[in-house]
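# A structural walkthrough
Take a look at the letters that make up each chain.
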Amino acid sequence: MTMKIQSKLALATAIAALSMQGSFALAQDNYPPYPEQKPLSPQRQGAVWEGHEDTPNGGRPEINTVEEMVEISGYSAPAALEYASLAAIAADGNWGPTMFYQCKHPHGGTALNADYPVPLEVFDNVYSVGNDANNIWAIDTGEGIILIDTLRSAEQAEGFIVGNMMRMGLDPKDIKIIIISHGHFDHTGGLAYMKELTGAAIGMSEADYQMATIAGEIPERAENDFVITDGMEITLGDTTLTALLTPGHTPGTVSLMIPLTWQGEEYMGSYMGGVGAPRDIATVNQWRESIDRMAYVSELMQADVIMSNHTIGDDGLTKIAEMAADPSTNPYIVGHEAVLGYYSAWRNCLSADVAQMIANGAEIPALLPKE
Ligand SMILES: [Zn+2]
């Protein structure tokens, strides 16, 4: 308790110092400190890719080709290998670490701690302020900031989100809207803290609000909070996000279409609000339908950028490191075909999962869902 109060005081002092100075030239040690990295649980801990220890992903293996897919994905059923090979072709070497995470059987055992990414303005007024596991996006609309997700604890929210926003010259108190992509604790754990700090309106789907409330992970709904519905447009300042309900990772996963600009050009970001695959056939199928829907909407809106809430979802650590080293290129801009390839790869990975589960003798769900 004492620690929490102290760190809040430190933050309040730092923010007060910001406004008094009228500039953001703070000494490095005035930022909230980065939390220490915790060891991963044995189920999540993966092995380092031999000969590639020093990647921004901490040496996580990658699947870039059909050969690598067949060799290391772990599928054995012929139909599963067929789908997995299609996934590798569709990804076309663009999403190596993501493919290893999404197209691996059995799932799990892929995570590795990596160096924290630097905070970065990835698009005009769109900032990456997360940690090695979670991308946190802060969109400065000119009339306040939209924040997407809050990490897993107050400590993480303060250390990464608040600290990194300050490093980028942003005032965390300008956050007016907090969108929660889904109700798992690594996205909602810092929500109570961020709400208290900013008073921002929290937007969540009803299904995930209920799920997270049962788990006891989120604050009670305040008057300015709102329910995100399918197709809802969320506008702040000059920015309008389109929200889509894409169930499967959780019952109410929220995905977003995010208009972007970079160096004067307009782009469209396609943001899938969940990453990990479900473990039963019926829910995998639901998730696959949501992936297909995102592919469809990304087609209609000509998306040319993939964004994710996990660095493993968009190969974020590699892209941030590349862009930090050479700000004249933006590796997040992959083009429209690559965006469709991304979703095609993902749906084929899920099809491979289903084929492998059936080959492994998993229980077959009823053909029609019971209402
Ligand atoms: Zn999750």
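Predicted model only: the values in this text are computed from it and were never measured.

## Considering the coordination of the zinc ion
The coordination sphere of the zinc ion, as far as protein atoms go, consists of His182 (NE2), His184 (ND1) and His249 (NE2), spread over 2.1 Å. Along the chain, the residues donating to the zinc ion fall in the pattern H-x1-H-x64-H. Of this pair, His184 sits in the loop between strand S5 (175–179) and helix H6 (185–188) while His249 sits in the loop between strand S9 (239–245) and strand S10 (254–262), and the two are 65 residues apart along the sequence. Take His184: its relative accessible area is 28%, and that puts it in the partly exposed class.

## A few points about the environment of Leu244
Examined against the element boundaries, Leu244 turns out to sit in strand S9. Judged by relative accessible area, which is 4%, Leu244 ranks as buried. Spatially, the C-alpha atoms of Leu244 and Phe226 are 15 Å apart, while their sequence positions differ by 18 residues. Setting aside chain neighbours within four positions, we find Leu244 in contact with Asp230, Gly231, Thr253, Val254, Ser255, Met257, Arg293, Met294 and Val297.

## Some remarks on the nonpolar core
Residues Met69, Tyr343 and Trp346 are the most contacted members of the largest nonpolar core, which totals 38 residues. Taken together, the elements giving at least two residues each to this core come down to helix H3 (78–91), helix H4 (96–102), strand S11 (265–272), helix H9 (281–300) and helix H12 (336–359). No other element matches the 11 residues that H12 contributes to this core. If near-sequence neighbours (up to four positions away) are discounted, Met69 is found in contact with Ile63, Ala84, Ser85, Ala87, Ala88, Met99 and Cys103. Within the second largest apolar cluster, 28 residues are counted, among which are Ala138, Ile145, Leu170 and Leu191.

## Notes on the UniProt feature "domain: Metallo-beta-lactamase" (unreviewed entry) in the chain
Taking the UniProt record as the reference, the feature "domain: Metallo-beta-lactamase" (unreviewed entry) is found at residues 133–310. Helix makes up 31% of residues 133–310 and strand 30%, with an end-to-end C-alpha separation of 6 Å.

## Topic: H12
Think of an α-helix as 3.6 residues a turn; residues three or four steps apart then line up on the same face. A rise of 1.5 Å per residue sets the reference length of H12, with its 24 residues, at 34 Å; its end C-alpha atoms lie 35 Å apart and thus fit the reference within 8%. Just beyond H12, the residue with positive phi is Gly361, at close to 85°.

## What to know about the pairing of strand S1 (residues 120–123)
As defined by bridge partners, S1 adjoins strand S2 (residues 126–128) across 3 bridges and the pair is classed as antiparallel. In the sheet register, Leu120 faces S2, and the bridge partner there is Ser128. Counted between consecutive antiparallel strands, the loop separating S1 from S2 contains 2 residues, among which Asn125 sits at a positive phi close to 65°.

Procedures and definitions
- Residues numbered from 1 in each chain as written.
- Predicted model: local features only at pLDDT ≥ 70, side-chain atom pairs only at ≥ 80, totals over all residues.
- Heavy atoms only, no water.
- Donors = N, O, S within 2.8 Å, 3.2 Å for Na, K, Ca; no water.
- Helix = DSSP H or I, 4+ residues; strand = E, 2+ residues; numbered from the N terminus.
- Buried < 20%, exposed > 50% of the residue type's maximum accessible area, 1.4 Å probe, protein only.
- Contact = heavy atoms within 4.5 Å.
- Core = buried A, V, L, I, M, F, W, Y, C linked by side-chain atoms within 4.5 Å.
- UniProt positions renumbered as here; feature names shortened; annotations may be inferred.
- Expected span 1.5 Å × (residues − 1).
- Pairing = 2+ DSSP bridges.

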